[in-house]
Amino acid sequence: MRIDLHVHTAYSNDCRLKLEEIIDTVSLGKVDALAITDHNEIEGALKLKEIASFPVIVGEEIQTIDGEIIGLFLRERITPGLSSYETVRRIKDQEGLVMIPHPYDRCRSSAIDRKALMSILDHIDIIEVFNARNVFPRDNERANKLAVNRQLLRAAGSDAHTKQEIGNAYVEMEPFTDAKDFVRNLQSAAIVGKRSPLFCHLATKTVKLRNF
């Protein structure tokens, strides 16, 4: 199955993508499952999981004082503004998985601080090695090199904020039933992706400004 592991909804402050639009887009067959990773929120993910006919992983892209960390397979929202270590601890307390999104994106101020990344590396489960919104291919390549050198699981996500972006990056892997099954099958997953057009960034900034 093809799983886009980084998708946003209207429950993020920089996105207007409705849950119904996501369902319609997935029905076109580009991907088979999604991880919903809204900024500092899981309400959209929980609601989509209830109404979708396809698998939905409940995630959250959490803004820590050191940059963004994604928790996957969450049951409860994690408060933003904590340290990276405390955020990781709270993800683990829920038996969730820790994924670092776009760790080397030089255009993104929200990317995790390098020193903080190294300090929590032993507690990380997954590195996002292909983010479709990364402007420079080299930034994805550096993330992949880190994952390979540290023998961490590799992931791909579109970081979609519009329906057109969904499925621009995904992992192709065997179906899973729970987090442990997911981890086991992700080990042999294929990374598939293409970069999203630059105008997607402008759309996100426009929505964020309007919401502000």
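Trainee: What is the right way to look at the overall build of the chain in this model?
Mentor: Looking only at helices and strands, the chain features seven helices and nine strands. In terms of C-alpha radius of gyration, the chain reaches 15 Å, essentially the compact-globule figure of 17 Å for 212 residues. Summarising its shape, the C-alpha atoms of the chain cover approximately 40 × 40 × 35 Å along the three principal directions. Evaluated residue by residue, the chain yields a buried proportion of 54% over its 212 residues. Long-range contacts, defined here as pairs at least 24 residues apart, represent 63% of the contacts in the chain between residues at least 6 apart. For the chain, the computed accessible surface area is about 10100 Å², with 50% contributed by carbon and sulfur atoms. For the chain, the separation between the mean place of its 29 positive charges and that of its 31 negative charges on side chains is 5 Å.

Trainee: I tried to follow the pattern of salt bridges on my own but got confused; where do I start?
Mentor: Two side chains bearing opposite charge may form a pair once their charged atoms approach each other closely. Throughout the structure, instances matching the rule amount to eleven salt bridges. The salt bridge involving Arg 89 is made with Glu 86; its shortest N-O contact spans 2.6 Å. Of the two residues, Arg 89 and Glu 86 are both situated in helix α3 (residues 84-93); the distance of three residues between them amounts to about one turn of the helix.

Trainee: For this particular structure, what's the right way to read a positive patch on the surface?
Mentor: Where like charges cluster on the molecular surface, the positive patch consists of Arg 114, Arg 138, Arg 142 and Lys 145. Here the positive patch takes three residues from helix α5 (residues 137-149), the largest share from any one element. Looking at the secondary structure, you find Lys 145 in helix α5.

Trainee: Help me understand the packing of helix α1 (residues 19-26) against helix α2 (residues 43-51), please; the structure alone is not making it clear to me.
Mentor: A pair of packed helices can be characterised by two numbers: the angle between their axes and the separation between those axes. Two numbers describe how α1 lies on α2: the axes approach to 10 Å, and their chain directions differ by 50 degrees. The angle between the axes of α1 and α2 places the two elements in the oblique class. Crossing handedness for the pair α1 and α2: right-handed. Here Leu 19, Ile 22 and Ile 23 of α1 come into contact with α2, specifically with Gly 44, Lys 47, Leu 48 and Ile 51. Counted by class, the contact of α1 with α2 contains five nonpolar, one polar and one charged residues.

Trainee: I would appreciate a short explanation of the pairing of strand β2 (residues 33-39) in the present structure.
Mentor: With seven of its seven residues buried, β2 lies for the most part within the structure. As defined by bridge partners, strand β1 (residues 2-7) adjoins β2 across three bridges and the pair is classed as parallel. Across the sheet, the residue bridging to Val 7 is Ile 36, located in β2. Regarding topology, α1 serves as the crossover connection from β1 to the parallel β2, and that connection is right-handed. Alignment of β2 against strand β3 (residues 56-64), held across six bridges, turns out to be parallel. Within β3, the position partnered with Asp 38 by the bridge is Glu 60. A crossover links β2 with its parallel partner β3, the connecting element being α2, and its sense is right-handed.

Conventions we followed
- Residues numbered from 1 in each chain as written.
- Predicted model: local features only at pLDDT ≥ 70, side-chain atom pairs only at ≥ 80, totals over all residues.
- Heavy atoms only, no water.
- Helix = DSSP H or I, 4+ residues; strand = E, 2+ residues; numbered from the N terminus.
- Rg over C-alpha atoms; globule rule 2.2 N^0.38 Å.
- Buried < 20%, exposed > 50% of the residue type's maximum accessible area, 1.4 Å probe, protein only.
- Contact = heavy atoms within 4.5 Å.
- Areas by Shrake-Rupley, 256 points an atom, 1.4 Å probe, with all protein chains shown as cover.
- Lys, Arg positive; Asp, Glu negative; His and termini not counted.
- Charge placed at Lys NZ, Arg CZ, Asp CG, Glu CD.
- Salt bridge = Lys/Arg side-chain N within 4 Å of Asp/Glu carboxyl O.
- Patch = residues over 30% accessible without salt bridge, like charges linked within 9 Å, V, L, I, M, F, W, Y side chains within 5 Å.
- Axes fitted to C-alpha atoms, helices over the stretch in contact; angles between N-to-C directions.
- Parallel < 35°, antiparallel > 145°, perpendicular 65-115°, else oblique.
- Left-handed = near helix turned anticlockwise from the far one by under 90°.
- Nonpolar A, V, L, I, M, F, W, Y, C, P; charged D, E, K, R; others polar.
- Pairing = 2+ DSSP bridges.
- Right-handed = clockwise from strand over helix to strand, strands pointing away.

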